[in-house]
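Residue-level structural notes
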Amino acid sequence: MVAHQCFLTLQYEFHKHLLQKVKVLTMENIVKPLVEDAGMSQFMGIIAAIIAIIVTLVLFALWRRRGLGNTVLLVGLCDSGKTLLFARLVGSKYVDTYTSINENIGGDLMIDNRPLKIIDVPGHERLRYKFFDKFKSSAKGLIFVIDSVTLQKDIRDVADFLYSILSDPLVQRSLPVLILCNKQDQIKAKGCQVIKALLEKEMNLLKFTKANQLEATDSSSPRSSLGKQEKDFDFSDLTSIVDFAESSAATKGPELDAGIEQPMAWLQKIA
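About the criteria used
- Residues numbered from 1 in each chain as written.
- Predicted model: local features only at pLDDT ≥ 70, side-chain atom pairs only at ≥ 80, totals over all residues.
- Heavy atoms only, no water.
- Helix = DSSP H or I, 4+ residues; strand = E, 2+ residues; numbered from the N terminus.
- Buried < 20%, exposed > 50% of the residue type's maximum accessible area, 1.4 Å probe, protein only.
- Contact = heavy atoms within 4.5 Å.
- Areas by Shrake-Rupley, 256 points an atom, 1.4 Å probe, with all protein chains shown as cover.
- Core = buried A, V, L, I, M, F, W, Y, C linked by side-chain atoms within 4.5 Å.
- Axes fitted to C-alpha atoms, helices over the stretch in contact; angles between N-to-C directions.
- Parallel < 35°, antiparallel > 145°, perpendicular 65-115°, else oblique.
- Left-handed = near helix turned anticlockwise from the far one by under 90°.
- Nonpolar A, V, L, I, M, F, W, Y, C, P; charged D, E, K, R; others polar.
- Patch = residues over 30% accessible without salt bridge, like charges linked within 9 Å, V, L, I, M, F, W, Y side chains within 5 Å.
- Salt bridge = Lys/Arg side-chain N within 4 Å of Asp/Glu carboxyl O.
- Phe/Tyr/Trp six-rings, centres within 6.5 Å; stacked < 30°, edge-to-face > 60°.
- Lys NZ or Arg CZ within 6 Å of the ring centre and 35° of its normal.
- Pairing = 2+ DSSP bridges.
- Arc of directions from axis to C-beta.

What follows concerns the overall build of the protein chain. Scanning the protein chain for helices and strands turns up 7 helices and 6 strands. Order of helices (α) and strands (β) in the protein chain, N terminus to C terminus: α-β-α-β-β-α-β-α-α-β-α-β-α. In the protein chain, which comprises 271 residues, the proportion classed as buried is 36%. Partitioning the intrachain contacts of the protein chain with sequence separation of at least 6 by distance along the chain shows that 71% fall at a separation of at least 24. Of the roughly 16600 Å² of accessible surface on the protein chain, 59% is carried by carbon and sulfur atoms.

Put into structure tokens, the structure is as follows:
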């Protein structure tokens, strides 16, 4: 009788242990695939996120490229020769010009079968910023025209306007700039390398003057300026691409005699 009870007890313990093992195996069979599926789902989620980021970046690049438009702005002080340069580029002809209070918008200039619209922005100090702000969002490039003969006399005004243009967030972000040293057909005209050096010197003064004015107004705001901080101004330090070229649009002759080969080459580069 005692032996029979021992047998029953052992049988009960065996069945209990066997049932526990079955439960454990059953749970492992259920949980393990779930864990594996969760790991695979996490991996696939990471892959999907990477693909989404790449697609977003590609779409943003395409949108930004299309958003630049096909406009090239001619800006600069009055009497720098912008309007005559405009006539040479758009109509390939010499015209008598005068100070304008309105913009001049030309038809499409075809560069390698790609259209560019040239806009001559008024140079009067009361109008230049207004019209620049009006057209800058559709610009693909910007030509800053300088009178190479009178630069030393006008250096402060030229540098101040150029500094404002180059400080514009849109220009810093995406617009290539050509500083065009015009009227090179005149004897007293300075070459573009001399003009570059004169501008860098004057804009260096502006850089530190504006930074000090900002600090005096609000000392808590961070100092921001064109180029590298605590370093003399240099066009090569700018985030925007700035090129220099020479031109002489005033010659009363056909297009090839006008001396606009360098700006035309630049337009071809950005088209």
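Turn by turn, an α-helix covers 3.6 residues, leaving residues three or four places apart pointing in a common direction. In terms of residue burial, helix H2 (residues 82-91) counts as a mostly covered element, since 7 of its 10 residues are buried. Among the residues making up H2, those that are buried are Lys82, Leu84, Leu85, Phe86, Ala87, Arg88 and Leu89. Next to the buried residues of H2 lie strand E1 (71-76), strand E2 (104-111), strand E3 (114-120), strand E4 (139-147), strand E5 (177-182) and helix H7 (261-270).

Phe144, Leu166, Ile179, Leu199, Met203 and Phe235 are the most contacted members of the largest nonpolar core, which totals 38 residues. Elements supplying a minimum of two residues to this core: E1, helix H3 (128-135), E4, helix H4 (151-167), E5, helix H6 (192-217) and strand E6 (242-246). If you tally residues by element for this core, the top one is H4, at 9 residues. Excluding anything up to four places from it in sequence, Phe144 contacts Val75, Gly76, Val158, Phe161, Leu162, Ile165, Leu178, Ile179 and Leu180. Core analysis: the second largest hydrophobic core is formed by 21 residues, Val72, Leu116, Ile260 and Trp266 among them.

In this section: the packing of H3 against H4. Orientation of H3 relative to H4, taken along the N-to-C sense of each, is 25 degrees, at an axis distance of 12 Å. When the interaxial angle is binned, H3 and H4 end up roughly parallel. Note that H3 runs across H4; the crossing there is right-handed. Residue-level contacts link Arg128, Tyr129 and Phe132 of H3 to Asp160, Phe161, Ser164 and Ile165 of H4. Taken together, the residues of the contact of H3 with H4 break down into 4 nonpolar, 1 polar and 2 charged.

Time to look at the environment of Thr150. Take Thr150: it is sitting in the loop between E4 and H4. Expressed as a C-alpha distance, the spacing of Thr150 and Lys190, which sit 40 residues apart in the sequence, is 9.1 Å.

Moving on: a nonpolar patch on the surface. A surface patch of nonpolar side chains, about 440 Å² in accessible area, is lined by Ile46, Ile47, Ile50, Ile51 and Ile54. With respect to the helices, strands and loops of the structure, Ile50 is situated in helix H1 (residues 2-67).

Take the environment of Ala249 next. For Ala249, the position within the fold is in the loop between E6 and H7. Remark: the alpha-carbon pair of Ala249 and Leu89, spanning 160 residues in sequence, is separated by 9.3 Å.

Right, let's talk about the packing of aromatic side chains for a bit. A complete count under the given rule lists 4 aromatic pairs for this structure. With centroids separated by 5.2 Å and ring planes inclined at 80 degrees, the aromatic side chains of Tyr129 and Phe161 adopt a geometry described as edge-to-face. Separated by 32 residues along the polypeptide, Tyr129 in helix H3 and Phe161 in helix H4 bring together distant segments of the chain. Note on Tyr129: relative accessible area 29%, which makes it partly exposed. Judged by centre distance (5.5 Å) and plane angle (55 degrees), the ring pair of Phe144 and Phe161 falls under tilted. Placement of the pair is Phe144 in strand E4 and Phe161 in helix H4, with a sequence separation of 17 residues. Each member of the pair, Phe144 as well as Phe161, is classed as buried. Taken together, the ring pairs connect Tyr129, Phe144 and Phe161 into an aromatic cluster. For the cation-ring pair, Arg128 lies above Phe161, with the distance from its terminal atom to the ring centre recorded as 5.0 Å.

Sheet architecture is open: 6 strands sit in the order E2-E3-E1-E4-E5-E6, paired in mixed fashion. Of all strands in the sheet, those bounded by a partner on one side alone are E2 and E6. In this sheet, neighbouring strand axes are inclined to one another by 25 degrees on average, regardless of whether the strands run parallel or antiparallel. The pairing of E4 with E5 spans 6 bridges and is parallel.

Once that is clear, we can look at H7. Taken together, the buried positions of H7 are Pro263, Trp266, Leu267 and Ile270. Around the axis of H7, the buried residues are gathered within 100 degrees of arc, so they sit on the same side.

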